[in-house]
Amino acid sequence: MPEEEKLVNYYSCSYWKGKVPRQGWVYLSINHLCFYSFLMGREAKLVIRWVDITQLEKNATLLFPDMIKVSTRSSEHFFSVFLNISETFKLMEQLANIAMRQLLDNEGFEQDRSLPKLKKKSPKKVSALKRDLDARAKSERYRALFRLPKDEKLDGHTDCTLWTPFNKMHILGQMFVSTNYICFTSKEENLCSLIIPLREVTIVEKADSSSVLPSPLSISTKNRMTFLFANLKDRDFLVQRISDFLQQTTSKIYLEKNISGSYISSDDEVFTRSSSLISASPHKSLSSESEGERQFNLNDNGIPTATQALMTMYRRRSPEEFNPKLAKEFLKEQAWKIHFAEYGQGVCMYRTEKTRDLVLKGIPESMRGELWLLFSGRY
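A brief structural summary. This structure is a prediction, so every number in the text was calculated from the model and none was measured.

**A word on the overall build of the protein**
Here is step 1: Looking only at helices and strands, the protein has eight helices and 14 strands in total.
Here is step 2: Residues counted as buried form 35% of the 379 residues belonging to the protein.
Here is step 3: Put simply, 46% of the contacts in the protein that link residues at least 6 apart link residues at least 24 apart.
Here is step 4: Surface accessibility of the protein: about 26,000 Å² in total, with carbon and sulfur atoms responsible for 54%.

**Quick word on a nonpolar patch on the surface**
Here is step 1: Taken together, the side chains of Leu 7, Tyr 10 and Trp 25 make up a nonpolar region of the molecular surface, amounting to roughly 300 Å² of accessible area.
Here is step 2: In this structure, Tyr 10 sits in strand E1 (residues 7–17).

**Some details on the side chain of Ser 193**
Here is step 1: With respect to the helices and strands, Ser 193 occurs in strand E11 (residues 193–197).
Here is step 2: When its relative accessible area of 18% is taken as the criterion, Ser 193 is described as buried.
Here is step 3: Residue contacts for Ser 193: discarding those within four places in its chain leaves Phe 184, Thr 185, Met 349, Tyr 350 and Arg 351.

**Looking at the sheet that holds strand E3 (residues 32–39)**
Here is step 1: Here seven strands make up an open sheet; going across it, the order is E4-E3-E2-E1-E7-E6-E5 and the pairing antiparallel. Two strands bound the open sheet, and with one partner strand each, they are strand E4 (42–49) and strand E5 (53–59). This sheet shows a mean twist of 30° between the axes of neighbouring strands, independent of strand direction.
Here is step 2: Pairing of strand E6 (residues 67–72) with strand E7 (residues 76–80), which is carried by five bridges, proceeds in the antiparallel orientation. Considered in E7, the bridge of Ser 71 is made with Glu 76.

**Quick word on the packing of helix H6 (residues 324–343) against helix H7 (residues 353–361)**
Helix-helix packing is described using two parameters, namely the angle between the two axes and the distance between the axes.
Here is step 1: Running from N to C, H6 and H7 point in directions that differ by 165°, and their axes come no closer than 11 Å. By the angle between their axes, H6 is roughly antiparallel relative to H7. The two elements H6 and H7 cross, and the hand of that crossing is left-handed. Contact with H6, carried on its side by Lys 332, Ala 335, Trp 336, His 339 and Tyr 343, involves Lys 354, Thr 355, Leu 358, Val 359 and Lys 361 of H7 and no other residues of that element.
Here is step 2: In terms of residue class, the contact of H6 with H7 is built from five nonpolar, two polar and three charged.

The rules behind the values
- Residues numbered from 1 in each chain as written.
- Predicted model: local features only at pLDDT ≥ 70, side-chain atom pairs only at ≥ 80, totals over all residues.
- Heavy atoms only, no water.
- Helix = DSSP H or I, 4+ residues; strand = E, 2+ residues; numbered from the N terminus.
- Buried < 20%, exposed > 50% of the residue type's maximum accessible area, 1.4 Å probe, protein only.
- Contact = heavy atoms within 4.5 Å.
- Areas by Shrake-Rupley, 256 points an atom, 1.4 Å probe, with all protein chains shown as cover.
- Patch = residues over 30% accessible without salt bridge, like charges linked within 9 Å, V, L, I, M, F, W, Y side chains within 5 Å.
- Salt bridge = Lys/Arg side-chain N within 4 Å of Asp/Glu carboxyl O.
- Pairing = 2+ DSSP bridges.
- Axes fitted to C-alpha atoms, helices over the stretch in contact; angles between N-to-C directions.
- Parallel < 35°, antiparallel > 145°, perpendicular 65-115°, else oblique.
- Left-handed = near helix turned anticlockwise from the far one by under 90°.
- Nonpolar A, V, L, I, M, F, W, Y, C, P; charged D, E, K, R; others polar.

What follows is the structure in structure tokens.
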């Protein structure tokens, strides 16, 4: 193997070479799957590149209930008698997927330097690369679950409950904390989920504990929504982590504003000048009088005739308003407005099964831009 090749882990197993099993060790590295055995003076050696593997299967036979089949373009290889076949197969799949991604992106594997160093007195012997791959797998599941940006890294998760005002219940679930987001998903599938970008958070505070609500944590956002979490195991540590990430987020926003401010200042001046010209223009007042509906006071002596009042109240409708398509769009808009009033509006809204049903029924054209940003992971 080349010097730069990194071993991730190795496992005891049997390799079926012909009809005779060879007891030995399977070695899983970043770019290769290898096997070596030396028994009774006979040596068995196998080297397969991950990019050459076409299929990985976990099969069961009468003799061996757990067996891994590795298929390449030209051959098939069988491994059995594993101490922990699930862990081995999971790592094989992950390394094969990474190799495929490297082949498509034309980028090499880089170890994550941000992970804390392993302690020397660690009770369980875990390689740094194995731990790196486990952290990557968790982050990938987290990003896929909440449709987050591809560079978002999961910092940790904990069990908790979330107070949901729309049904007045404490929902059991898990809170996930990463560099730029706080997320929640219920234990019961599709019951409720939550995505709170840290740029939207204004206040994070610990509330008073009680027998009904142990270890509560309140998070407030810019759009005046407050989320109440409870039953948090290590609340003080969690608050400290969120505070650290909030500090990083505010410094990033401040830096972006300073950088973009110098470029936008000239455009802002043009915009303010144009807006002042528009406000000073006499055409606006004339158009507002002609287009707007005049309001009449019934106690006034100069009350208009009955004909004029009826024309004002019961204005003649255009034929477009009786179009069934427009009526359907209007009903969709009303349904979304009612949903927003109950579950909140914006990125930090409560996402439930009702939200999914509304999306499936169709998004109104007037809200397409806003809802696309909300549900496509582009916020």
